Amino acid sequence: MEEKISKIIALEEHFSVLKENQNLTLNTLSEKLTDIGDKRIADMNEAGIDIQVLSLSSPGTEQMEPEEAVKTAALVNDYIEEAIKRNPSRLAAFAALPTSAPDRAADELERAVKEYGFKGAVINGHCRGRYLDDKFFWPILERAELLNVPLYIHPTVPPKPVVDTYYKGQFSNDVMFSLSTAGWGWHIETAVHVLRLILSGAFDRYPKLQIIVGHLGEAIPFMMNRLDKMLPENLTGLEKKISSYLCENVNYTISGFNFVPPFLNLLLQVGIERIMFSSDYPYSSMSDARSFLESLPLSKNDKEKIAHMNAERLMKF
């Protein structure tokens with residue numbers, strides 16, 4: 001019988017400070033989102049998860065007015081820190097940022113990292129239709145590189161014009177919603193965000209900057225060779241191939257995509273050192289994610305790298 005994995009750090013594990021959320025229809029899901037205490041720890045124990053890195057659930061602060069976002073992000077980070085104090089060996093966090101106020105977001109990131117020991121920050125997709133390739137947001141990128149912490153780019157609903165053009169069709173609104181979010185749109189939206197960031201030259205400007213994306217790479221690994229072919233350096237003006245940035249500046253988590261073929265595609269494209277564990281709790285099962293990791297056709301050492309070693313190296317646990 002194969003030896004069990006020694007430690008698991010889960011990186012895309014969500015919470016909300018709201019007792020009610022108009023996007024949630026299940027009370028049990030809402031309860032799990034808002035509990036960052038005993039019940040969450042009990043769920044972790046049952047699933048065999050050692051550490052959760054908490055992040056504010058989408059839509060986060062990215063759709064707020066700047067002043068509201070500044071106040072909300074600070075309050076959320078203070079709130080998470082209190083939860084971590086109660087369970088310091090089991091919980092860590094990515095900071096919420098007031099993305100629409102980049103200079104203040106950079107300062108909030110520094111405060112959360114230096115005062116609270118947060119592991120980086122989560123950015124929930126576009127900020128009212130603007131993406132991180134816009135130099136308006138680059139104070140955040142600059143500070144993340146300086147602090148040597150990653151930014152986790154998490155999906156959000158595509159901008160309304162995109163939803164209206166791409167995802168409304170000859171099917172029900174329920175189908176439209178699923179297609180535009182968890183069924184397809186969230187992931188393609190995030191992939192486009194990452195590619196825009198690369199093509200903007202952000203990683204040439206900030207070569208040590210690290211980002212994380214979930215869901216086995218948001219469909220990017222499948223397209224990596226095609227991207228290199230159709231967007232060569234003599235066209236983009238970049239210092240490297242697209243795949244070089246995807247293998248040197250981007251890290252990937254599982255987060256609910258417990259599917260062997262896309263996992264193997266990701267592994268072949270980026271290598272074991274770039275892949276980390278997450279379960280997408282409470283939207284997906286921690287137990288299922290652990291079982292998936294344990295079932296993968298990998299060596300014990302490679303499973304340990306995904307489970308905790310890669311995260312420890314990137315985020316200095």
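Above this text you will find the structure in question.
What counts as what
- Residues numbered from 1 in each chain as written.
- Predicted model: local features only at pLDDT ≥ 70, side-chain atom pairs only at ≥ 80, totals over all residues.
- Heavy atoms only, no water.
- Patch = residues over 30% accessible without salt bridge, like charges linked within 9 Å, V, L, I, M, F, W, Y side chains within 5 Å.
- Areas by Shrake-Rupley, 256 points an atom, 1.4 Å probe, with all protein chains shown as cover.
- Salt bridge = Lys/Arg side-chain N within 4 Å of Asp/Glu carboxyl O.
- Buried < 20%, exposed > 50% of the residue type's maximum accessible area, 1.4 Å probe, protein only.
- Axes fitted to C-alpha atoms, helices over the stretch in contact; angles between N-to-C directions.
- Helix = DSSP H or I, 4+ residues; strand = E, 2+ residues; numbered from the N terminus.
- Parallel < 35°, antiparallel > 145°, perpendicular 65-115°, else oblique.
- Left-handed = near helix turned anticlockwise from the far one by under 90°.
- Contact = heavy atoms within 4.5 Å.
- Nonpolar A, V, L, I, M, F, W, Y, C, P; charged D, E, K, R; others polar.
- Phe/Tyr/Trp six-rings, centres within 6.5 Å; stacked < 30°, edge-to-face > 60°.
- Lys NZ or Arg CZ within 6 Å of the ring centre and 35° of its normal.

Engineer: So what's going on with a nonpolar patch on the surface? Residues and values would help.
Structural biologist: Where nonpolar side chains cluster on the molecular surface, the patch consists of Phe171, Val175, Leu179 and Trp184 and spans about 360 Å² of accessible area. Leu179 gets classed as partly exposed once you look at its relative accessible area, which sits at 30%.

Engineer: So what's going on with the packing of helix α4 (residues 102–116) against helix α5 (residues 138–147)? Residues and values would help.
Structural biologist: The contact between α4 and α5 brings their axes to 8 Å, and the two run at 20°. It follows that α4 is roughly parallel to α5 by the angle criterion. When you trace α4 past α5, the crossing you get is right-handed. Across the interface between the two elements, Pro102, Asp103, Ala105, Ala106, Asp107, Leu109, Glu110, Val113 and Lys114 from α4 touch Pro139, Ile140, Arg143, Ala144 and Leu147 from α5. Class assignment for the residues of the contact of α4 with α5 results in nine nonpolar, no polar and five charged.

Engineer: Give me the lowdown on the packing of aromatic side chains, citing residues and values where you can.
Structural biologist: Scanning the entire structure with this criterion turns up eight aromatic pairs. Taken together, a centroid distance of 5.6 Å and an interplanar angle of 45° make the contact between Tyr116 and Phe118 tilted. Sitting over the ring of Phe317, Lys119 keeps its end group 4.5 Å from the ring centre. A cation sits over an aromatic face here: Arg130 above Phe136, 4.2 Å from the ring centre.

Engineer: Give a description of the pattern of salt bridges that names residues and reports values.
Structural biologist: Tallied over the entire structure, the rule returns 19 salt bridges. The residue Arg290 makes a salt bridge to Glu294 at a minimum N-O spacing of 2.8 Å. Taken together, the residues span about one helical turn, with Arg290 and Glu294 both in helix α14 (residues 286–295) at a distance of four residues. Beyond isolated ion pairs, a larger network of salt bridges with shared partners links Asp107, Glu110, Lys114 and Arg143.

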